[in-house]
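Okay, here's what each chain looks like letter by letter:
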Amino acid sequence: MTDEESLWIRRFHPCPQAEILLVCLPHAGGSASFFFPMSRALTPTVEVLSVQYPGRQDRRHEPCIENLSELADRIFDAIRGQTNRPLALFGHSMGATLAFEVAVRLETKLGITPRHIIASGRRAPSAVRTEQVHLLDDAGIIAELRDLSGTSNDMLDNAELLQLVLPAIRADYRAIETHRGQPDATVSTPITVLTGDTDPQVPLADAYKWHAHTTQASEVLVFPGGHFYLSDYRNDVNGVVARILTEA
């Protein structure tokens, strides 16, 4: 593994004999460890590579990247050496947009078409709306996190811990909220969209718009719950991912 790969990629359950790699990209404010349960569940059929963004956990002393295109470029550089096996991408929320952007780079720069994109909890790239959470004060961002129910109350009530994590959360929000990708961009990769039926950030119509961004098949699977439905339905989501990758 190169220095760049070791910086960005976490292998919680190394499995070099697995036939397929799944690159997982966390949500805004998220970290690689969010996908530890998925890695454990899919091994040994699938080897999971979880991306660690700068500015959190073991990379907390590094400056955050506030531009999503730059972040996608860096992730592409980190995984380009992992393309000797079929590769799929799973991203949640901001990570779904990153998964798509990385897939575009794999196709245009290396001529490699990923096996599948699984886009969770995110509107299609062409479904743009103005959001400015990154401009709120700390209290406003904390309120947003409470509404999305993806961060434990223990963390949100811990002022000292919040001071450590809020810079990365704000930077991620700035990256995704200011990003404007190509509205007509497409990939030659099948896309499966996972969403919660009460997710305030992903109207069902915007989830279905992902079909315009692939020349291959697409489908939308709806789970009960909000933006972090997958925390309550981990086994079901893991089962869906396993089915998609093994069928492919």
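Data block above holds the structure.
(A) Structural detail: the overall build of the protein. When helices and strands are tallied, the protein shows ten helices and seven strands. Taking 248 residues into account, the globule formula puts the C-alpha radius of gyration at 18 Å, and the protein, at 17 Å, falls close to it. Projecting the C-alpha coordinates of the protein onto the three principal axes gives extents of approximately 45 × 40 × 35 Å. Residue burial in the protein is summarised as follows: out of 248 residues, 52% are buried. Partitioning the intrachain contacts of the protein with sequence separation of at least 6 by distance along the chain shows that 80% fall at a separation of at least 24. Working note: accessible area of the protein is about 10800 Å², and carbon and sulfur atoms make up 49% of it.

(B) Quick peek at the pairing of strand 4 (residues 87-92). Counting buried positions along strand 4 yields six of six residues, so the element is predominantly enclosed. Residues Leu87, Leu89 and Gly91 line one face of strand 4 and the alternating positions Ala88, Phe90 and His92 line the opposite face, and both faces are buried. Direction of pairing for strand 2 (residues 20-25) relative to strand 4: parallel, over a ladder of five bridges. Considered in strand 4, the bridge of Leu25 is made with Gly91. Two elements, strand 4 and strand 5 (residues 117-120), share four bridges in a ladder whose sense is parallel.

(C) Inspection of the side chain of His213 at higher detail. Here His213 shows up in the loop between helix 8 (204-208) and strand 7 (218-223). Polar side-chain contacts of His213 include one of 2.8 Å to the backbone oxygen of Ala185. For His213, the contacting residues outside a window of four places in its chain are Phe100, Ala124, Pro125, Ser126, Pro183, Ala185, Thr186, Val187 and Ile191.

(D) A look at the nonpolar core. One finds Trp8, Leu25, Tyr53, Ile75, Leu89 and Leu98 to be the most contacted residues of the largest nonpolar core, which totals 41 residues. Secondary-structure elements contributing two or more residues to this core are strand 2, strand 3 (46-51), helix 3 (68-79), strand 4, helix 4 (94-110), strand 5, helix 7 (159-177) and strand 6 (191-196). Examining the composition of this core, we find that nine residues originate from one element, helix 4, more than from any other. Setting aside its immediate chain neighbours within four residues, Trp8 contacts Ser50, Val51, Gln52, Tyr53, Pro54, Arg59, Ile65, Leu71, Arg74, Ile75 and Ala78. Met38, Leu148, Leu166 and Tyr173 belong to the second largest nonpolar core, which has 31 residues in total.

(E) Representation of unusual backbone geometry within the structure. Residue Thr43 is joined to Pro44 through a cis peptide bond whose omega torsion reads 10 degrees. Here Pro44 shows up in the loop between helix 2 (36-42) and strand 3. Despite not being glycine, Gln57 shows a phi value in the positive range, around 45 degrees. Counting through the fold element by element, Gln57 comes out in the loop between strand 3 and helix 3. Given the relative accessible area of 38%, Gln57 is considered partly exposed. Backbone geometry places Ser93, a non-glycine residue, at a positive phi of 60 degrees. Checked against the element boundaries, Ser93 lands in the loop between strand 4 and helix 4.

Rules used throughout
Residues numbered from 1 in each chain as written. Predicted model: local features only at pLDDT ≥ 70, side-chain atom pairs only at ≥ 80, totals over all residues. Heavy atoms only, no water. Helix = DSSP H or I, 4+ residues; strand = E, 2+ residues; numbered from the N terminus. Rg over C-alpha atoms; globule rule 2.2 N^0.38 Å. Buried < 20%, exposed > 50% of the residue type's maximum accessible area, 1.4 Å probe, protein only. Contact = heavy atoms within 4.5 Å. Areas by Shrake-Rupley, 256 points an atom, 1.4 Å probe, with all protein chains shown as cover. Pairing = 2+ DSSP bridges. Polar contact = N/O pair within 3.5 Å; in protein donor to acceptor, adjacent residues only side chain to side chain. Core = buried A, V, L, I, M, F, W, Y, C linked by side-chain atoms within 4.5 Å.

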